[in-house]
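For reference, the chains in residue letters:
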Amino acid sequence: MARARARTVYVCSACGAESPKWAGQCPECGAWNTLSEVTVQPATPARAGARAGFAGAAGQGGPVALAQVRGAEARRLPTGIEELDRVLGGGLVPGSVVLLGGDPGVGKSTLLLQAAAAVADRVGTLYVTGEESPEQVALRAARLGLAQAPVRLLAETAVERILAESERARPAVMVVDSVQTLWTELLQSAPGSVAQVRESAAQLTRFAKATGTTVLLVGHVTKEGTLAGPRVLEHMVDTVLYFEGDPGGRWRMVRAVKNRYGAVNELGVFAMTEQGLRPVGNPSAIFLSRHGAPVPGSVVMAALEGTRPLLVEVQALVDQSPLANPRRLAQGLDGGRLAMLLAVLHRHGGVAMLDQDVYVNVVGGVRVAETAADLPVLLAALSSLRGRSLPRGLVVFGEVGLAGEVRPVPGGEQRLREAARQGFAHAIVPRGNVPRGGVAGLELHVVTRLEEALRAAEALA
Ligand code: TYD
Ligand code: MG
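Conventions we followed
Residues numbered from 1 in each chain as written. Chains lettered and ligands numbered in written order. Predicted model: local features only at pLDDT ≥ 70, side-chain atom pairs only at ≥ 80, totals over all residues. Heavy atoms only, no water. Pairing = 2+ DSSP bridges. Helix = DSSP H or I, 4+ residues; strand = E, 2+ residues; numbered from the N terminus. Axes fitted to C-alpha atoms, helices over the stretch in contact; angles between N-to-C directions. Contact = heavy atoms within 4.5 Å. Near = heavy atom within 4 Å. Polar contact = N/O pair within 3.5 Å; in protein donor to acceptor, adjacent residues only side chain to side chain. Nonpolar A, V, L, I, M, F, W, Y, C, P; charged D, E, K, R; others polar. Phe/Tyr/Trp six-rings, centres within 6.5 Å; stacked < 30°, edge-to-face > 60°. Lys NZ or Arg CZ within 6 Å of the ring centre and 35° of its normal. 1 Å grid on protein atoms, 1.4 Å probe; cavity = no way out; pocket = protein on both sides within 12 Å on 5 of 7 lines; lining within 4 Å. Points joined across faces, edges and corners; volume = space filled by probe spheres on them. Disulfide = S-S within 2.5 Å. Buried < 20%, exposed > 50% of the residue type's maximum accessible area, 1.4 Å probe, protein only. pLDDT = per-residue confidence, 0-100. Parallel < 35°, antiparallel > 145°, perpendicular 65-115°, else oblique. Domains from an automatic or database assignment. Buried area = accessible area lost by both parts, 1.4 Å probe. Salt bridge = Lys/Arg side-chain N within 4 Å of Asp/Glu carboxyl O. Core = buried A, V, L, I, M, F, W, Y, C linked by side-chain atoms within 4.5 Å.

Examining the sheet that holds strand β12 (residues 276–279)
The strand order across the open sheet built from nine strands is β6-β5-β7-β8-β4-β9-β10-β11-β12, with neighbouring strands paired in mixed fashion. Pairing within the sheet leaves two strands with one partner each, and these edge strands are β6 (152–155) and β12. Direction aside, neighbouring strands of the sheet carry axes that sit 25 degrees apart on average. Sheet analysis places strand β5 (residues 125–129) next to β6, joined by four bridges and oriented parallel. When the sheet's bridge partners are listed, V128 is paired in β6 with L154. Sheet strands in contact with helix α3 (residues 108–120) are β4 (97–102), β5, β7 (173–177), β8 (214–220), β9 (239–244), β10 (251–259), β11 (267–273) and β12, and its direction is about 160 degrees off that of β5. Sheet contacts for helix α5 (residues 159–169): β5, β6 and β7; angle to β6, the most-contacted strand, approximately 160 degrees.

What follows is the structure, encoded as structure tokens:
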């Protein structure tokens, strides 16, 4: 039997795209110096045999009637950690692979140990630790008050041995912490390289599909993208969760960016406490810094994260720049969009910040990706430039277009109701977001153009 030859491809660590040739720049996403060599092993007869039981979701038998395929929905396993179940779409799905990415120290190991312990009474659970010793994991468990949870620990980084162990123990839920420590004997490259991470994850994924095991993978994200980031794995797994939040702060957010079994952009909110991560059931007002008196450059925005309204504070600092090219810096917001918004403000609002540095930040380490932040950002910047604060009870949202128009955003009524519930008295709102009959307790300042919004803010300041 002729043996297929190993094939070499180049994989981008930023977007996961494959190309047949090396290049300095990824042809797919345009990132520089992100392509690295990956050897793709053909399945040899021996290995194919060893994997016969691992045929995967695809390739098992002939066609079946759609109506006869039983959904995994009925067998979903809730962890009981409500905020985690919320982002998962209701719980763990058998045979699915979940990747939890995030900066070091954000709380990935803590969350997954808590999740493993939460289901361990009901199903077999294996926690594979490649980064920490079993003693360290046990110490954390003790700190979390979970020392007695029937979770099995395995300190191992070789995928083949992890799979052999889980073949024997047949856990329903397996945590692998972290995917960057894994290596497979099929490849020569070093653990942590793109090739190793990818092949190891692929083997775990096949195992999950074949056995119905839920596999939870921890992946570190590095800012530079030099290390094999979990980006390359996003295509492979069913669900990608990102853990966000300022590691020095109290709040942590888990966001689903991909989910074959639920909605994306759903947000789970936790507080990091002495006893681990505690779900925050009603996070709508936790990000508001309660200033003693109103300060210039601060605007409260009514955001909508997934299905939940969230009040967040957008801060801006606008200051005379010593540079020929003044700085524009956005934290928790899209930097490119900030530049665009400032151009709209110049052109349609008549306010120039060409000689000013502009810094914008969302308080509490929250990331706001929606365009509803446009108007709050501009009003915060203007407030800082003028040194005039906006009143305390004001809430703002709205998209700003290039023509200077203020556009409605989804879920207007929900945002306004939450603001009213939190005691806000004024709202600057796009016309298309005004609910019939208004909102009790909230005075609405309705705008269709940026100029009107600026005037409304001016009148309130
Ligand atoms: P960890 O889960 O180890 O982060 P990751 O796996 O993402 O690198 O948690 C890191 C931080 O969380 C660490 O600085 C200590 C803190 N922490 C608490 O504040 N309370 C706790 O109960 C635990 C277990 C950790
Ligand atoms: Mg960890």
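Describing the site of ligand 1
Residues in close proximity to ligand 1 total 16 residues, the closest being G105, S109, T110, T273 and G276. Taking T273, its main chain carries an N or O atom lying 2.7 Å from a nitrogen atom of ligand 1. Looking at the shell around ligand 1, the elements that each hand over two or more residues are α3, α4 (134–143) and β11. Among the elements that make up the shell around ligand 1, the one with the highest residue count is α3 (three residues). In the shell around ligand 1, the residues fall into four nonpolar, seven polar and five charged.

Remarks on the packing of aromatic side chains
A complete count under the given rule lists zero aromatic pairs for this structure. Of note, R250 hangs over the ring of W251, and the distance from its end group to the ring centre comes to 5.1 Å. Its guanidinium or amino end placed over the ring of F397, R415 lies 5.4 Å from that ring's centre, counting from NZ or CZ.

Things to note about empty space enclosed by the protein
Overall, the coordinates contain four cavities of 30 Å³ or more when judged by the stated rule. In this structure, the largest cavity occupies an estimated 100 Å³ of space. Around the largest cavity sit L379, L382, S383, R386, R388, L390, L454, A457, E458 and A461, which together line it. When residues of the lining of the largest cavity are traced back to their parent elements, those giving at least two are α8 (374–386) and α10 (450–460). The element that contributes the greatest number of residues to the lining of the largest cavity is α8, accounting for four residues.

Here's the deal with the sheet that holds strand β13 (residues 298–305)
Spatially, β15-β16-β14-β13-β17-β20-β21 is the arrangement adopted by the seven strands of the open sheet, whose pairing is mixed. A single partner strand is all that each edge strand has here, and the edge strands are β15 (328–331) and β21 (443–447). Averaged over all pairs of adjacent strands, the angle between strand axes in this sheet comes to 25 degrees, irrespective of strand direction. Note: strand β14 (residues 308–320) against strand β16 (residues 356–362), seven bridges, orientation antiparallel. Of the residues in β16, the one forming a bridge with D319 is D357. Packed onto the sheet, helix α9 (residues 412–421) meets β13, β14, β17 (394–396), β20 (426–430) and β21 and runs at close to 85 degrees relative to β14.

Examining the state of the cysteines
All chains considered together, the criterion is met by zero disulfides. The thiol of C12 is not disulfide-bonded; the next cysteine sulfur, from C26, is found 3.7 Å away. Owing to a relative accessible area of 0%, C12 belongs among the buried residues under this scheme.

Structural notes on the confidence of the model for the protein chain
Per-residue pLDDT for the protein chain has a mean of 88; in total, 91% of the residues score no lower than 70. Below pLDDT 50 for its whole length, residues 44–57 participates in 20 contacts with residues either more than four positions away or in separate chains.

Digging into the environment of L390
Along the chain, the position of L390 falls in the loop between α8 and β17. Sequence separation between L390 and A427 is 37 residues, and the spatial gap between their C-alpha atoms is 11 Å. Not counting residues up to four positions away in its chain, the partners in contact with L390 are P294, S298, V299, L379, S383, A457 and A461.

Describing the packing of α3 against α4
The geometry of α3 relative to α4 is characterised by a closest axis approach of 11 Å and an angle of 70 degrees between their N-to-C directions. With respect to their mutual orientation, α3 and α4 come out roughly perpendicular. Residue-level contacts link S109, T110 and L113 of α3 to V137, R140 and A141 of α4.

A word on the domain arrangement of the protein chain
Splitting the protein chain by domain gives domain 1 (7–42), domain 2 (76–281) and domain 3 (285–460). Its C-alpha centre places domain 2 at a distance of 36 Å from the equivalent point of domain 3. With both sides pooled, the region where domain 2 packs onto domain 3 buries about 1,100 Å², and carbon together with sulfur makes up 50% of that total. Interface area lost by domain 2 to domain 3 is led by W251, R255 and L267, which between them contribute 39%. Where domain 2 touches domain 3, the interface holds three salt bridges. Among the salt bridges present, the one from R255 reaches E305, with a minimum N-O distance of 2.8 Å. In this structure, the connection of domain 2 to domain 3 is made through seven residue pairs in polar contact (both at pLDDT 80 or more). Residues that form the side of domain 2 that touches domain 3 fall into these classes: five nonpolar, four polar and six charged.

Some remarks on the nonpolar core
Generally speaking, a soluble globular protein has its nonpolar side chains buried in company with each other. V312, L375, L379 and I428 are the most contacted members of the largest nonpolar core, which totals 65 residues. Broken down by element, this core gets its largest block of residues, seven residues, from α8. Each of two domains, domain 2 (76–281) and domain 3 (285–460), supplies a minimum of three residues to this core. Those residues in contact with L375 that sit more than four places away from it in its chain are V396, F397, G398, V400, V406, I428, V447, L450 and A453. Core analysis: the second largest hydrophobic core is formed by 32 residues, L92, V106, L113 and V218 among them.

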